[in-house]
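# Residue-level structural notes
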Amino acid sequence: MYNYLLSIAAVCIGSLIVLVFKPADHPKNLKLLLAFSGAFLLAITIFNLLPEVFEDHETAKQTGMWIMVGILFQKVLEYFSKGAEHGHVHLSKKRTQFPKLLAASLYIHSILEGFPIHQTEGILIGIIVHKIPVAMILATFLYQTAIAKKKIFLFLFLFALMTPLGTFFATHFSSLQHYYREINALVIGIFLHVSTTILFESDEGHTFNIAKLFVILLATAVAYIL
């Protein structure tokens, strides 16, 4: 039960931070938090999920294929979300209609990332750490538009429920459990795409960022300890 509550709380915390503190569009600290979340998610995926899905050497090639499917599927989702999964949101401040394609792609992404949560606590922590800055960025940009606040609150509320919904599906539907390895491999592909995009996209001016490197190393060390 706490898996559900913690993943919901991550979105609520991110949204409340924006409501209370009203951060700027791209505060430096938020970028570093996003970098930490990306590094943590990548490290948890490599340390925990990858070894598990490759335990059966006879199906290793098929598992790799599903990882590639996940990477490509996330790429397709980003055509509609415009990269909101890794902190990129571009909305006109005059916009009054809610971006339905963005919402749908984020919901699908969130449902899928909920599947492996019940298998390892590290993944739950990684998703929580990832969702807080993403929720902050989404809330920041949505609140600056002319979209009705009740629509924004409804979107954020549903967004918070999607990851627990994925966990519920994974634990209560036996038909899905038969495809546990394939689904987890697909989710690994999604995590790899999102986390590496966060980490390796160019910094402004292509300059070396010592602070970003530090938080990446810190996130990796924490993930390894867990």
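Scoring rules and cut-offs
- Residues numbered from 1 in each chain as written.
- Predicted model: local features only at pLDDT ≥ 70, side-chain atom pairs only at ≥ 80, totals over all residues.
- Heavy atoms only, no water.
- Axes fitted to C-alpha atoms, helices over the stretch in contact; angles between N-to-C directions.
- Helix = DSSP H or I, 4+ residues; strand = E, 2+ residues; numbered from the N terminus.
- Parallel < 35°, antiparallel > 145°, perpendicular 65-115°, else oblique.
- Contact = heavy atoms within 4.5 Å.
- pLDDT = per-residue confidence, 0-100.
- Expected span 1.5 Å × (residues − 1).
- Buried < 20%, exposed > 50% of the residue type's maximum accessible area, 1.4 Å probe, protein only.
- Phe/Tyr/Trp six-rings, centres within 6.5 Å; stacked < 30°, edge-to-face > 60°.
- 1 Å grid on protein atoms, 1.4 Å probe; cavity = no way out; pocket = protein on both sides within 12 Å on 5 of 7 lines; lining within 4 Å.
- Points joined across faces, edges and corners; volume = space filled by probe spheres on them.
- Nonpolar A, V, L, I, M, F, W, Y, C, P; charged D, E, K, R; others polar.
- Patch = residues over 30% accessible without salt bridge, like charges linked within 9 Å, V, L, I, M, F, W, Y side chains within 5 Å.
- Areas by Shrake-Rupley, 256 points an atom, 1.4 Å probe, with all protein chains shown as cover.
- Salt bridge = Lys/Arg side-chain N within 4 Å of Asp/Glu carboxyl O.

Where helix 3 (residues 60–81) contacts helix 4 (residues 100–113), the axes come no closer than 7 Å and their chain directions differ by 150 degrees. The angle between helix 3 and helix 4 falls in the class roughly antiparallel. Along its contact with helix 3, which presents F73, Q74, L77, F80 and S81, the element helix 4 presents L101, L102, S105, I108, H109 and L112.

We now examine the confidence of the model for the protein. Regions with low pLDDT should not have their predicted coordinates read in detail. Residues with a pLDDT of 70 or more make up 90% of the protein, whose mean pLDDT is 85. Looking at the elements of the protein, mean pLDDT is at its lowest for helix 7 (residues 174–177), recorded as 81, and at its highest for helix 3, recorded as 92.

What follows covers helix 8 (residues 180–200). Helical geometry note: an α-helix holds 3.6 residues per turn, so side chains three or four residues apart project in the same direction. Compared with the 30 Å implied by 1.5 Å per residue over 21 residues, the 30 Å span of helix 8 between its first and last C-alpha is a close match. Taking burial as the measure, the 21 residues of helix 8 include 15 buried ones, the bulk of the element.

Once that is clear, we can look at the packing of aromatic side chains. For any pair of aromatic rings, the description rests on two quantities: the centre-to-centre distance and the angle between the ring planes. Scanning all chains against the criterion turns up 9 aromatic pairs. Put simply, the rings of F98, Y107, F155 and F159 pair up and form one aromatic cluster.

Here we take up empty space enclosed by the protein. Summed over the entire model, instances satisfying the criterion amount to 1 cavity of 30 Å³ or more. Approximately 50 Å³ is the volume found for the largest cavity. Around the largest cavity, the lining residues are E85, L106, H109, S110, E113, H130, K131, V134 and F159. For the lining of the largest cavity, the secondary structure elements donating two or more residues are helix 4 and helix 5 (121–143). In terms of residues, the lining of the largest cavity owes the most to one element, helix 4, which gives 4 residues. Looking at the lining of the largest cavity residue by residue, the class counts come to 3 nonpolar, 3 polar and 3 charged.

Looking now at the environment of A223. Within the element layout of this structure, A223 appears in helix 9 (residues 210–225). What makes A223 buried here is its relative accessible area of 1%. For A223, the contacting residues outside a window of four places in its chain are F40, A43, I44 and F47.

What follows deals with a nonpolar patch on the surface. On the surface, a cluster of nonpolar side chains totalling about 530 Å² of accessible area is made up of L16, L19, V20, F21 and F153. With 4 residues, helix 1 (residues 2–21) is the largest single contributor of residues to the nonpolar patch. Relative to the assigned elements, F153 resides in helix 6 (residues 149–172).

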